[in-house]
Amino acid sequence: MKVLMLGWELPPHNSGGLGVACYQLCHELSKHGVDIEFVLPYEAEHNINFMNVRPAIPQGIGRLRAQLLGVYDSYVYDKSRPLMDGLSGEAQQVIYEKAVVELVTSEAFDIVHAHDWLTFRAALRVKEVSGLPIVLHVHSIERDRSGGNFGNPLVREIEETSLMLSDHVIAVSQFTKDAIIREYGIPANKIEVVHNSIESKNISIGDEQNSYAYLTAMRARGYRVVVSVSRLTIQKGLSNLLRAAKEVIERVPKTIFLIVGSGDQYFELIELAAQLGIAKNVIFTGFLRGKQWRDSFRTSDLFIMPSVSEPFGIVPLEAVGYGSPVLISKQSGIAEVLNNSLKVDFWDIKKMVDQIAGVVQNDALRDELRDNAYSEYQKLTWRPAAKKVMSIYEDHLVGQGV
Amino acid sequence: MSKAIVLYLHVHQPFRIRHYSIFDTGVRHDYFNEQTPELLTNNEFIIKKVAEKSYIPTNKRLIKLMKKHPEFKLSLSITGTVLEQLEQWAPETLESFKKLVATGRVEILAETYHHTLAFFYSRKEFEAQVGIHQRKIEELFGQTPNVFRHTELAYNNDLAYWADQAGYKGILAEGWDPVLGWRSPNFVYQPTYTENIRLLLKNYRISDDIAFRFGDREWSEWPLTADKFTHWLNSSGDATNFNLFMDYETFGEHQWEDKGIFEFLDSLPGEWLKTKGNTFMTVSEVIDNFEPVDRVDVPNTITWADTERDLSAWLGNRLQQEAIGGIYEMEDQILASNDLQLIDDWRRLQTSDHFYYMCTKWFNDGDIHAYFSPYDNPYEAFIAYMNVYHDIRSRIIEKGMEV
C-alpha cells in the first residue's frame, strides 16, 4: 500500500506537536508495511529511513527555506500579504500544491493522507486531478488556534470546504471531532477519532545534574515548582494560569512558576506577572530545546497545561514521562486519554488554585499522581492509532475496488 | 556685572548585565562580564569604545582649552562604576581625567557611587553610597566634593533638605518650567525649607541644543556654531549664570566627531570670552559669587530625562517596580552577610540604568529610537535582571538566611 502523506513539518524542523505526531504515526505505520512518501514544503535534512521524505518543489523553483508560514500562524494567513522570502501564505500553498500535483501525475499512489489546513488544498487538487481518495487528519482547527475565537475566515473556508469534500476525516480526539461537527457541520459518521500517543521511553530520573541549579536548590529548601511548557499564545490559556498563580503564591509563598516557551504573548505575560505582583515567583525561560527543555519537566512538582482549546496536547505526556504529575485542561484531547491527572475547566481559576495549592502543599498527593500517571504512560504505544488508520485506508481502497 | 557659563559634565557607565539565564542562576555569579566581543552588554568593549571616541579626545581638548584660556573652568561628576571600569580596562583614560582635574580648574561633584535611586528606597544605603563615592574621589583626585548631584538629577524638597543637613553648599536640578514658573534658570536659587544650600538649575533649552539637537539636520538652527550659541547667550537679557549641564559623552559619543562637536567645543570658550565680563565658573564659584534670587519649591520629584521630567523612565512600569523592590527588600540580609563581593554585586544591581532598560513606554509607542539599551527589548532586560536577582537570593539563602 502506497500512501502519499502531505505534511507541513517534521522534527527537528517542527514548530510544535504536529511534526512530532506525524513522525511517530508514520513510524508506526511503516512497521506494519505501509509505504509512505512524505511531502514537506521545505528542503532539509531529516535522517529518516522508514519513509521517503521529499520537498515540494515544483519545476522551475529554486530551493525553499525551512519554516516559512507555520501551521500555527493561521492568524496571519493572507492572500496577498508577503511573508518571508516575499511569498504570501497563499503563494506558499500554491507552490506546495503544484509540486504535489506534479508528483501524483508521475508516480502511482493508493491514497492521500493530509495533515492540517496548510496541506488540505493540495489534497483537494490531487483528488480533482487523480481521483485518489483523500483522508484529512485534523490536529487542530482554526477555533482552537485562535483561543476559542472565530479565527481567520480564510483559513476556516479552507477547512470547511476540504473537510466537506474529503473521503474521510481523522480527528485527534473526541473533543476535536465534536468541534468539527459543531463548526463545519461535517457528518459524524465520516469522522473517526484516532488519539495521538507517545513512544514511551524508560527514563532514569536523577541520573545527571539538572540544568536548573537554582530551582533544584530551592526545592531542597521547601519550594515547589509549577511548570508550563508551551507556545505562549492565547490558545494555551496562560493568562488564567498567572491569575491562579497569584492566589497560590498568596497562600503558599514558597511556590515558583516556571513558564517555558515563547510566542506572541511573551511580552504580555511578562507584564501581566509584574502587574499581578508575582514577578519574583514567575520565571520565564524563553524557547528551549534538548536537555534544558527536558529538565523543565524534571524540575517540576506539577506540570500544567491550562489550554483554552487543545485538540490533543501531547506535552503533558512528555511531562509524565519525565516524572512530573500533571494538571490538564478539560478542553483537551489528552483529558480523554490520561486518567491519573488533575483536570480543570480552563476558565475555572478558583479550582485551578485549589488543585495547584493542593499539590504543592502535599508531597504524597504529588507522588501518587506522578507514579500512577507514569504507569499509564508506560503502556502507551502508537500501535492502536496505526491500526485504526490502516483500517480507514483499507475501507477506501475496497470502496475503490483496488 | 559678569556672566558665567557653568559647564557641568556627567561621566557615567553602568555595569551592564550580560545575557544571564536561569541556567546560570545558582551556578555562576559573573553577572557583569559578557565575554562575547562587540556585544552591547560587554562592558569592557563599551568602555574602551567610549574612551576612544569621547573621553580621550575630549580630555585632550579640555586641557588645551585650559592652557589657552585662564578663565575656562568646568565641573564634573564621575560615578564609581565608571571609575572602576576605567581602572580595570582603560587606565590611561583614568590618567587623562586625573591630569584634567590636576589643572586645578575642575570641580568634582558628590553623588552615589553606583549611580542609584537608593534615596527613594533606603536612606541608610543612599548615605553609604554617597560616602563610598566621596572616599573614591578623595583617593583618586584629592578633592572633597561639596556640591551634590543626584542620579538622573532626580530632585525634590526632601533631597534638598537632606543635602542641606549633610553640609553641601549646593545641589543641582532640572530647570523645569512647571517648577520655575515665570522665573529664569539663569540665576542662583535656594530650595524651600533649607538653611544654607543653593540650587543650580539646568538651562535645558541651551543645554539640549548641544546635547541632543547639535547633530540634527532637521533642526531649524542646524548647524550650531559657537558664534551663534554665544550670540544667543549674550542677547538673552538678565542673567548671572548659564547652567550647561549634560552627559560628558555628548562629546564624541552621543554627538559624533564628524558632526563637528569637537570644533564647537574648541571654539566655544574663545567666542564666549570675547565679550567683556563673560567668564566661566565651577558650581561652587557660582554659589560663592551670586546671592540666591528666590526660593524654589519642588514637592514632586523631577529629573532631567524625558518629556515628562519625572522618574517614569526608571520606575514607571510594574516590571521596574518589581525588580527594584525585590533588590531593596534584601538590604538587611545582604549587609548582614559581611560578604563584600555580594554587597558589591548587589550595589551594582541598583544602578539606575538597569531599570531604564526595562522601560516600555517608548517601546509601546514604537518610538524605539528614543530608547538606548544594550538589550533587544525591555523584557529581555527584565528577564536577565530577575535571573540575577534569583542568584543573589540563592547566595543569601546559602548563608543560612531567609529571603
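Nothing here was measured: the structure is a model prediction, and the numbers come from that model.

**Digging into the overall build of chain B**
Phase 1 of the analysis: Summing up its helical and strand segments, chain B has 17 helices and ten strands in all.
Phase 2 of the analysis: Taken against the 2.2 N^0.38 rule, which gives 22 Å for 403 residues, the C-alpha radius of gyration of chain B at 21 Å falls within 12% of a compact globule.
Phase 3 of the analysis: Expressed as lengths along the three principal axes of its C-alpha atoms, the size of chain B is roughly 70 × 45 × 45 Å.
Phase 4 of the analysis: Across the 403 residues of chain B, 52% fall into the buried class.
Phase 5 of the analysis: Here the contacts in chain B between residues at least 6 apart in sequence split such that 76% fall between residues at least 24 apart.

**Quick word on the overall build of chain A**
Phase 1 of the analysis: Helix and strand counts for chain A come out as 14 helices and 13 strands.
Phase 2 of the analysis: Here chain A has a C-alpha radius of gyration of 22 Å; the compact-globule value for 402 residues is 21 Å, and the two agree.
Phase 3 of the analysis: If you line up chain A on its principal axes, its C-alpha atoms span 65 × 45 × 40 Å.
Phase 4 of the analysis: Sorting the 402 residues of chain A into buried and exposed places 52% on the buried side.
Phase 5 of the analysis: Across chain A, the fraction of contacts at a sequence separation of at least 24, relative to all contacts at a separation of at least 6, is 68%.

**What to know about the sheet that holds strand β1 (residues 2-6) of chain A**
Residues and elements named next belong to chain A.
Phase 1 of the analysis: Spatially, seven strands are ordered β3-β2-β1-β4-β5-β6-β7 in an open sheet, and the strand pairing comes out parallel. Looking at the sheet topology across the chains shown, the edges are occupied by β3 (52-55) and β7 (191-193). Ignoring which end each strand starts from, the neighbouring axes of this sheet average 25° apart.
Phase 2 of the analysis: In the packing of helix α3 (residues 117-130) onto the sheet, the strands contacted are β1, β4 (111-115) and β5 (134-138), and the crossing angle to β4 comes to about 165°.

**Thoughts on the interface of chain A and chain B**
Phase 1 of the analysis: In this assembly, 18 residues from chain A lie in contact with 17 residues from chain B.
Phase 2 of the analysis: Listing elements by their share of the side of chain A that touches chain B, those giving two or more residues are α7 (213-220), α9 (266-275) and β10 (282-286) of chain A.
Phase 3 of the analysis: At six residues, α9(A) tops the list of elements feeding residues into the side of chain A that touches chain B.
Phase 4 of the analysis: Looking at the side of chain A that touches chain B, its residues break down into eleven nonpolar, four polar and three charged.

**Comments concerning the domain arrangement of chain B**
Residue and element names in this part refer to chain B.
Phase 1 of the analysis: Splitting chain B by domain gives domain 1 (3-296) and domain 2 (312-398).
Phase 2 of the analysis: A C-alpha centroid distance of 24 Å is found between domain 1 and domain 2.
Phase 3 of the analysis: Contacts between the two partners involve 28 residues from domain 1 and, on the opposite side, 20 residues from domain 2.
Phase 4 of the analysis: Taken together, the residues of the side of domain 1 that touches domain 2 break down into eleven nonpolar, 13 polar and four charged.

**A closer look at helix α5 (residues 157-165) of chain B**
Residues and elements named next belong to chain B.
Phase 1 of the analysis: Of all the residues in α5, the buried ones are L159, A160, W162, A163 and D164.
Phase 2 of the analysis: On the buried face of α5, the contacting elements are β4 (147-148), β5 (170-174), β6 (190-191) and β7 (198-202).
Phase 3 of the analysis: After α5 finishes, the residue G167 shows a positive phi value of roughly 95°.

**Observations regarding the pairing of strand β11 (residues 302-305) of chain A**
Residues and elements named next belong to chain A.
Phase 1 of the analysis: Covered by surrounding structure in β11 are L302 and I304 together with F303 and M305, the residues of both alternating faces.
Phase 2 of the analysis: Direction of pairing for strand β8 (residues 224-229) relative to β11: parallel, over a ladder of two bridges. Bridging from a neighbouring strand, V227 pairs with F303 of β11.
Phase 3 of the analysis: Relative to strand β12 (residues 326-329), β11 runs parallel, the two sharing three bridges. Directly across from I304, in β12, lies its bridge partner L327.

**What to know about the sheet that holds β4(B)**
Backbone-to-backbone hydrogen bonds join strands into a sheet, with any given pair of strands oriented parallel or antiparallel.
All names here are of chain B.
Phase 1 of the analysis: In spatial order, the strands read β4-β5-β7; together these three strands make up an open sheet with parallel pairing. The outermost strands of the open sheet, each flanked by one partner alone, are β4 and β7.
Phase 2 of the analysis: Of the pairings in the sheet, the one linking β4 to β5 comprises two bridges and is parallel in character. Paired with V147 across the strands is G170, a residue of β5.

**Looking at the packing of helix α2 (residues 89-106) of chain A against α3(A)**
Residues and elements named next belong to chain A.
Phase 1 of the analysis: At a minimum axis separation of 9 Å, α2 and α3 run at an interaxial angle of 35°. Considering the relative orientation of α2 and α3, their crossing is right-handed. Residues Q93, Y96, E97, V100, V101, V104 and T105 of α2 touch α3, and the partners they reach there are L118, R121, A122, R125, V126, V129 and S130.
Phase 2 of the analysis: Of the residues assigned to the contact of α2 with α3, the class counts are eight nonpolar, three polar and three charged.

**Describing the domain arrangement of chain A**
All names here are of chain A.
Phase 1 of the analysis: Taken domain by domain, chain A consists of domain 1 (2-197 + 382-399) and domain 2 (213-379).
Phase 2 of the analysis: The C-alpha-based centres of domain 1 and domain 2 are spaced at 30 Å.
Phase 3 of the analysis: Taken together, the contact pairs 19 residues of domain 1 with 13 residues of domain 2.
Phase 4 of the analysis: Sorting the residues of the side of domain 1 that touches domain 2 by element identifies α1 (17-31), α4 (142-145) and α6 (174-184) as the ones contributing at least two each.
Phase 5 of the analysis: Looking at the side of domain 1 that touches domain 2 residue by residue, the class counts come to five nonpolar, eleven polar and three charged.

**Considerations on α9(A)**
Phase 1 of the analysis: Along α9(A), seven of the ten residues are buried, which leaves the element largely enclosed by surrounding structure.
Phase 2 of the analysis: Buried within α9(A) we find Y266(A), F267(A), L269(A), I270(A), L272(A), A273(A) and A274(A).
Phase 3 of the analysis: At its buried positions, α9(A) is contacted by α8 (238-251), β9 (255-260) and β10 of chain A together with α12 (318-329) and α17 (378-398) of chain B.
Phase 4 of the analysis: With its phi angle positive at about 75°, G277(A) sits one or two positions after the end of α9(A).

**Regarding the pairing of β9(A)**
All names here are of chain A.
Phase 1 of the analysis: Summarising burial for β9: six of the six residues are buried, a large majority.
Phase 2 of the analysis: Burial of the side chains of β9 extends over both faces: T255, F257 and I259 are buried on one face and I256, L258 and V260 on the other.
Phase 3 of the analysis: Looking at chain direction, β8 and β9 are connected through six bridges and run parallel. When the bridges of β9 are listed, R224 appears paired with T255.
Phase 4 of the analysis: Between the parallel elements β8 and β9, the chain passes through α8 in a crossover that is right-handed.
Phase 5 of the analysis: Taken together, β9, α9 and β10 constitute a β-α-β crossover, and its handedness is right-handed.

What counts and how
- Residues numbered from 1 in each chain as written.
- Chains lettered and ligands numbered in written order.
- Predicted model: local features only at pLDDT ≥ 70, side-chain atom pairs only at ≥ 80, totals over all residues.
- Helix = DSSP H or I, 4+ residues; strand = E, 2+ residues; numbered from the N terminus.
- Rg over C-alpha atoms; globule rule 2.2 N^0.38 Å.
- Buried ≥ 20, exposed ≤ 12 C-beta atoms within 10 Å, placed from the backbone.
- Contact = placed C-beta atoms within 7 Å.
- Pairing = 2+ DSSP bridges.
- Axes fitted to C-alpha atoms, helices over the stretch in contact; angles between N-to-C directions.
- Nonpolar A, V, L, I, M, F, W, Y, C, P; charged D, E, K, R; others polar.
- Domains from an automatic or database assignment.
- Left-handed = near helix turned anticlockwise from the far one by under 90°.
- Right-handed = clockwise from strand over helix to strand, strands pointing away.

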